Amino acid sequence: MAIVTPKRIYDGSRIPQPIPTVLVVDPDKHSLDDILTVNFGPNHPSTHGVLRLVVDLDGETVAGIHAVIGYLHTGFEKNMEAKTWWKSVTYAPRIDYVSFQANELLYVLAVEKLLEMPVPRRATWARMALTELNRIHSHLIWLGTSALELGAISLLWYTFDDRDSLLDLFEMAGGTRMHTRYFQVGGLAEDLPPEFTSETRKFCSAMLKSVDEYEAILDRNAIWLERTKDVGLLSADDALALAQSGPVLRASGVNWDLRKAMPYLAYDEVEFDVPVYSNGDVYDRYKVHMDEMRESVRIVRQCLDRLDAMENEPWITDDRKVVLPPRHELHTSMETLIHHFKLVTEGFTVPEGEAYVVIESPRGEAGCYLVSDGGTRPWRVRFRAPSFAALQATATVVQECLIADLIAIAGSLDPVMGDADR
Amino acid sequence: MSTYASVPGIVETTEVHGQTIVAVDPARLVEACLHLRDEHGFNFLSDIAATDYLGWGEVGVAGYVGTAGGRDLNAPGSQGYARTPEPKPNRFCVSYQLLRVSEDPARLRVQVWIDDDEPLESVIPVWPAADWFEREAWDMMGIRFTEHPNLVRILMPEDWEGHPLRKDYPLGGEPVRFSDAE
């Protein structure tokens with residue numbers, strides 16, 4: 001199948017020149033005397049966090065715009081350089097706090113790449129199940145908040161209700177509702193509890209019904225349709241040039257999903273479809289999110305079947321130089337005690353080298369670049385944040401739109417500011 | 001290996017953990033990027049990652065890496081053998097993570113090695129997405145990009161001094177004001 005669907009969204013490129021992320025007021029189209037510059041954010045409730053947009057308005061029309069970020073910069077990358085490899089695992093999910101499980105997976109996969117460490121298959125399938133559940137979690141938050149911003153308040157309560165049952169599943173597996181630190185270098189921190197698969201199956205059935213209901217609410221809502229269709233256009237070429245990924249890219253007609261194109265974990269062993277829409281507007285981005293939730297349920301169900309078939313298999317590798325030894329051995333084995341002590345005080349070492357690992361997070365291409373000098377702490381950690389890249393497109397997608405649509409469009413790029421600012 | 005031999009200014013091609021790294025001459029970076037985009041189809045700039053190698057190999061030594069998975073316990077750098085890491089060609093390394101979005105997907109890392117205060121040419125004309133990535137590399141690492149139309153800080157406040165991700169940036173160096181000092 002062709003990667004790019006040839007559909008004309010608009011002619012040529014709309015990326016502003018010379019600065020691709022700053023739209024300057026065009027004096028031919030607008031009288032400069034009429035321009036009112038408005039600071040939109042950083043503390044505006046509908047900017048998905050602390051995003052600041054400096055908007056030049058001509059009446060209600062957006063004539064110029066640029067995004068200002070950095071209000072949530074917390075120095076994760078610097079902090080991780082000062083922590084041991086295994087302590088840094090806790091930082092990764094807090095970067096993108098909505099798709100925490102995906103970021104945790106990303107960092108753990110990158111460390112395992114440097115270690116060239118094989119992971120037991122039960123851990124791989126459990127990771128897949130949890131990251132797909134996390135994708136649903138992320139999309140639910142996106143859907144609820146985006147609909148809320150356009151006045152469909154009721155949807156927020158429905159989606160957060162479903163999100164709550166999702167968080168129950170994460171709590172069952174990892175002990176905490178968010179930022180579980182459940183993925184460990186080498187596998188999982190603990191085995192999945194026996195009731196996990198049956199409870200998740202119940203959730204899956206409920207979730208499919210919920211998605212249908214959400215679509216029924218929104219697809220017959222005239223206001224929702226009016227405000228999302230043909231708004232915030234982005235062509236396939238512009239999306240690629242601006243390094244857009246995930247649902248934004250797929251809504252512009254590009255059939256690109258890393259789970260299919262460059263599979264990791266065991267995505268080449270599951271059946272699922274990649275939803276692609278070709279109008280490149282807010283409505284199509286919404287459709288991609290809805291379809292992806294259904295596909296995620298499909299993947300989760302296949303993972304659960306596999307997990308049921310591999311009960312009692314190891315869930316973490318038996319590499320005592322990297323992985324904490326089993327608790328019960330600590331009381332009887334001197335060697336185990338020494339390993340435990342060394343791992344907890346000094347941490348494990350990672351061979352010298354560098355690696356760049358990328359996964360398809362709910363927001364798209366999320367990458368982690370690690371450099372090790374052979375010691376117990378990372379030399380350099382760098383996260384390629386999909387939200388950071390997504391916000392580069394603001395100046396391209398909002399051209400000549402109305403200020404009210406700005407909220408719908410900025411929301412449709414699905415930025416999480418913790419991810420953008422790190 | 002010979003796939004990228006025709007890239008302008010190529011210094012060497014290495015393969016680490018199944019990932020291809022192409023080191024190019026900093027002076028011919030944009031030329032090399034244009035070639036990779038047009039001839040090899042790398043239409044997507046995934047990331048620009050700058051790394052500071054100040055003090056590389058001075059602190060800490062390579063530890064033990066032998067495991068049950070079959071790694072050699074007695075090779076240099078393994079358990080029991082202290083080893084300092086391989087020296088690097090220069091202080092800063094800027095890695096351009098490229099991706100080919102097509103039916104034949106591929107990733108490639110283009111690296112340039114530069115010294116402190118040595119400028120690089122901006123790749124915005126090749127991939128517009130480089131705009132914020134380069135601003136972040138400037139903000140965090142102090143890499144200067146010539147021809148960049150808007151090279152200002154992006155994550156730190158505009159009046160911030162220093163570049164926080166450099167290895168010589170003081171940790172916990174933010175001054176705290178106490179009332180008795182006024």
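Residues numbered from 1 in each chain as written. Chains lettered and ligands numbered in written order. Predicted model: local features only at pLDDT ≥ 70, side-chain atom pairs only at ≥ 80, totals over all residues.

> An account of the overall build of chain B is needed here, citing residue identities and associated values.
If you tally the helices and strands in chain B, you get two helices and seven strands. Shown N-terminal to C-terminal, the secondary structure of chain B runs as helices and strands in the order β-β-α-β-β-β-β-α-β. Here chain B holds 182 residues, and the buried ones make up 35% of them. Sequence-distant contacts in chain B: of pairs separated by 6 or more residues, those separated by 24 or more amount to 54%. (Helix = DSSP H or I, 4+ residues; strand = E, 2+ residues; numbered from the N terminus. Buried ≥ 20, exposed ≤ 12 C-beta atoms within 10 Å, placed from the backbone. Contact = placed C-beta atoms within 7 Å.)

> Let's hear about the environment of V68(A): which residues, and what values?
All names here are of chain A. Within the fold, V68 resides in strand β4 (residues 61-68). Of the residues examined, V68 has 17 C-beta atoms within 10 Å and is grouped as partly exposed. In contact with V68, not counting residues within four places along its chain, are R52 and V54.

> An account of helix α3 (residues 100-115) of chain A is needed here, citing residue identities and associated values.
Residues and elements named next belong to chain A. Taking 1.5 Å of rise per residue, the 16 residues of α3 would be expected to cover 22 Å, and the 23 Å separating its terminal C-alpha atoms lies within 8% of that figure. Burial runs high along α3: 16 of the 16 residues are buried. Immediately downstream of α3, the backbone of E116 shows phi near 50 degrees, a positive value. (Expected span 1.5 Å × (residues − 1).)

> Could you give me a rundown of the confidence of the model for chain B, with the residues and numbers involved?
Residues and elements named next belong to chain B. Scored by pLDDT, chain B has a mean of 81; 80% of the residues are at 70 or more. Considering only residues more than four positions removed or in separate chains, one finds that residues 60-81, a stretch of pLDDT under 50, has 46 contacts. For this predicted complex, the interface score ipTM comes out at 0.89, alongside a pTM of 0.90. (pLDDT = per-residue confidence, 0-100.)

> Describe the sheet that holds strand β1 (residues 22-23) of chain A, naming the residues involved and giving the relevant values.
Residues and elements named next belong to chain A. Reading across from one edge, β1-β4-β3-β2 is the order of the four strands in this open sheet, with antiparallel pairing throughout. On the outer flanks of this sheet lie β1 and β2 (35-40), each paired with one strand and no other. For β2 and strand β3 (residues 52-58), the ladder comprises six bridges, and the chain directions are antiparallel. Residue pairing for β3: I35 is matched across the bridge by D58. The strands touched by helix α15 (residues 403-412) within the sheet are β3 and β4, with β3 carrying the most contacts at an inclination of about 150 degrees. (Pairing = 2+ DSSP bridges. Axes fitted to C-alpha atoms, helices over the stretch in contact; angles between N-to-C directions.)

> For the interface of chain A and chain B, give the residues involved together with the corresponding values.
Listed by partner, the interface residues are 50 residues for chain A and 45 residues for chain B. Every element with two or more residues in the side of chain A that touches chain B is listed here: α1 (76-81), α8 (236-241), β7 (353-361), β8 (364-372), β9 (380-384) and α13 (386-391) of chain A. In terms of residue class, the side of chain A that touches chain B is made up of 25 nonpolar, eleven polar and 14 charged. (Nonpolar A, V, L, I, M, F, W, Y, C, P; charged D, E, K, R; others polar.)

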